[in-house]
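Chains, contacts and geometry: an overview
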Amino acid sequence: MRWFRNASVVAVAVAATLGLAACGGSDSGDKPAAQSKGGAPIVVASFNFTDSQILAEIYAQALEAKGYPVTRKPNLGSRELVYPSLKSGELQFIPEYQGAAITTGFGQEAGKTAQEEHEQLAKLFEPSGIGLLNFAGAENKNTYIIKSDLAKEKGIASISDLKKLDKVVMAGPPECEKRLPCFLGFKDVYKLTNTTFQTIQEAGPRVEQLKSGAVTVIPVDSVSPLTGDPKYTVLKDDLNIVPTENVVPAVNKKVLDERGADFANAVNAVSAKLTTEVMRDLNKRVDSDGERAEDVAKDWLGQAGV
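Fair warning: this is a prediction, and the values are worked out from it, not measured in the lab.

Let us now look at the side chain of Asn140. Its place among the elements puts Asn140 in the loop between strand S4 (130-132) and strand S5 (142-147). Within the structure, the side chain of Asn140 is placed 3.2 Å from the side chain of Asp51, a separation counted as a polar contact.

Here it is, written out as structure tokens:
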């Protein structure tokens, strides 16, 4: 989802020079389509984080099961790298996150509901020949956690409650400092004058600093296993600085037109079964338990009956 993983301009330029295949795109994991419907393979891409990779694998396998040929381009990077190739048609399908796509991909303020965002994002993508299918109930949005013992001691349940503390240190990636759904929102919307920002690029070290008490609050994905860990408390975003982030397949319109209603129905059937709880469990299986994204995707598709 996610704007936390935006690459620098230099990284984008280097990646573009090397080409998409060098950025993690590979066909080596492709499975042959059963009863192939023929035609050119549909190029399914993902961003460079676990949730996106699992989702891309889920949709890819579901399409293959229906006979559609698929080429995978996983782990490509941030929107700065992916969007030009999506708009050119080199990439044809990516599971997106509505709020982040609007705010980061297009620099617009996102709507207040998932349906508003869906209509807004569809209009933003339309000039580039990209369409949206149904959005899922599953969300992966920026969420803020503190240690539960501190939350209980000080009576902190929301971001606004951080005013009760003498000093708050937020740790996050560098872009967080100037993003409204992150530290900038803490300052400008929540008016938390007691809060300072510390740049820690990687998620693992941020968690370690939170555990040690060196920092007070960190951003995590809402599907992170940490959000269900009793050692941590998820703070309510009571002033709504973070937009809704429902998963939505963004697909090249040429593919939509050529493949027709059966294709759209196959994708929408998957989206209808995806919930935030499902994605949290699948992320845990990959990030915490060490399973492969393709294996957990296959397992879930079998259980969901799609």
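Looking now at the pattern of salt bridges. Applying the stated rule across the entire model yields 12 salt bridges. Two residues, Asp289 and Lys284, come together in a salt bridge whose shortest N-O distance is 3.5 Å. What makes Lys284 partly exposed here is its relative accessible area of 36%. Residues joined by salt bridges that share partners form a network here, namely Glu57, Glu64 and Arg72.

Turning to the sheet that holds strand S9 (residues 232-235), a few remarks are in order. Strand pairs in the sheet, formed through backbone hydrogen bonds, run parallel or antiparallel to each other. Strand order in this open sheet of 3 strands is S8-S5-S9, and the pairing throughout is antiparallel. The open sheet terminates on both sides in strands that have one partner only, identified here as strand S8 (218-221) and S9. Strand-to-strand twist of the sheet, defined as the mean angle between neighbouring strand axes without regard to direction, takes the value 45 degrees. When S5 meets S9, the two strands line up antiparallel, connected through 4 bridges. Bridge pairing links Lys147 to Tyr232 in S9.

The next point concerns helix H10 (residues 276-287). Compared with the 16 Å implied by 1.5 Å per residue over 12 residues, the 16 Å span of H10 between its first and last C-alpha is a close match. If you check which residues of H10 are buried, you get Thr276, Val278, Met279, Leu282, Asn283, Arg285 and Val286. Summarising the contacts, the buried residues of H10 are in contact with helix H2 (50-65), helix H9 (253-273) and helix H11 (293-304).

What follows is about the environment of Asn75. If you trace the backbone, Asn75 turns up in the loop between strand S2 (70-73) and helix H3 (79-88). Asn75 sits in the partly exposed class, given a relative accessible area of 35%. For the pair Asn75 and Ala56, spaced 19 residues apart in the sequence, the C-alpha separation amounts to 9.8 Å. At 3.0 Å, the side chain of Asn75 forms a polar contact with the side chain of Gln53.

Axes are the key here: two packed helices are described by the angle between their axes and the distance separating the axes. With their axes 9 Å apart at the nearest point, H2 and H11 run at an angle of 55 degrees to one another. Here H11 runs oblique to H2, going by the angle between their axes. Regarding H2 and H11, the two cross each other, and that crossing is right-handed. Residues Gln53, Ile54, Glu57, Ile58, Gln61 and Ala62 of H2 pack against Ala293, Glu294, Val296, Ala297, Lys298, Trp300 and Leu301 of H11. For the contact of H2 with H11, a count of residues per class yields 8 nonpolar, 2 polar and 3 charged.

Before going further, it helps to examine the confidence of the model for the chain. Across the chain, the average pLDDT comes to 88, with 89% of residues at or above 70. Low confidence marks residues 3-33, where pLDDT is under 50. Its contacts with residues over four positions away, or in another chain, come to 66 contacts.

Below, the discussion takes up the pairing of strand S1 (residues 42-45). For a regular strand, side chains alternate in direction, first toward one face of the sheet and then toward the other. Burial of S1 is two-sided: the residues Ile42 and Val44 facing one way and the residues Val43 and Ala45 facing the other way are all buried. Sheet topology note: the S1/S2 ladder contains 4 bridges and is parallel. Note on S2: the bridge partner recorded for Ala45 is Lys73. A crossover connection joins S1 to the parallel S2 through H2; in handedness this β-α-β unit is right-handed.

The phi dihedral of Asn75 is positive, around 60 degrees, even though this residue is not glycine. One non-glycine residue with positive phi stands out, namely Asn240, at about 55 degrees. The topology assignment puts Asn240 in the loop between S9 and strand S10 (247-252). Asn240 gets classed as exposed once you look at its relative accessible area, which sits at 57%.

In this section: the nonpolar core. One finds Ile58, Phe93, Phe125, Phe263, Leu274 and Trp300 to be the most contacted residues of the largest nonpolar core, which totals 58 residues. If we skip the residues at most four places from it in the chain, Ile58 touches Val270, Leu274, Leu282, Ala297, Trp300 and Leu301. Core analysis: the next-biggest nonpolar cluster, separate from the first, contains 20 residues, Ala151, Leu162, Leu165 and Tyr190 among them.

What follows covers the packing of aromatic side chains. Tallied over the entire structure, the rule returns 10 aromatic pairs. Consider the rings of Phe106 and Phe125, whose centres lie 5.2 Å apart with planes at 85 degrees: the pair is edge-to-face. Of the two residues, Phe106 sits in the loop between helix H4 (98-105) and helix H5 (114-125) while Phe125 sits in helix H5, which places them 19 residues apart along the sequence. An aromatic cluster of three or more residues is present, and its members are Phe47, Phe49 and Tyr97. Sitting over the ring of Tyr68, Lys37 keeps its end group 4.7 Å from the ring centre. The ring of Phe47 carries the charged tip of Arg79 above its face, separated from the ring centre by 4.9 Å.

What counts, and at which threshold
Residues numbered from 1 in each chain as written. Predicted model: local features only at pLDDT ≥ 70, side-chain atom pairs only at ≥ 80, totals over all residues. Heavy atoms only, no water. Helix = DSSP H or I, 4+ residues; strand = E, 2+ residues; numbered from the N terminus. Polar contact = N/O pair within 3.5 Å; in protein donor to acceptor, adjacent residues only side chain to side chain. Salt bridge = Lys/Arg side-chain N within 4 Å of Asp/Glu carboxyl O. Buried < 20%, exposed > 50% of the residue type's maximum accessible area, 1.4 Å probe, protein only. Pairing = 2+ DSSP bridges. Axes fitted to C-alpha atoms, helices over the stretch in contact; angles between N-to-C directions. Expected span 1.5 Å × (residues − 1). Contact = heavy atoms within 4.5 Å. Parallel < 35°, antiparallel > 145°, perpendicular 65-115°, else oblique. Left-handed = near helix turned anticlockwise from the far one by under 90°. Nonpolar A, V, L, I, M, F, W, Y, C, P; charged D, E, K, R; others polar. pLDDT = per-residue confidence, 0-100. Right-handed = clockwise from strand over helix to strand, strands pointing away. Core = buried A, V, L, I, M, F, W, Y, C linked by side-chain atoms within 4.5 Å. Phe/Tyr/Trp six-rings, centres within 6.5 Å; stacked < 30°, edge-to-face > 60°. Lys NZ or Arg CZ within 6 Å of the ring centre and 35° of its normal.

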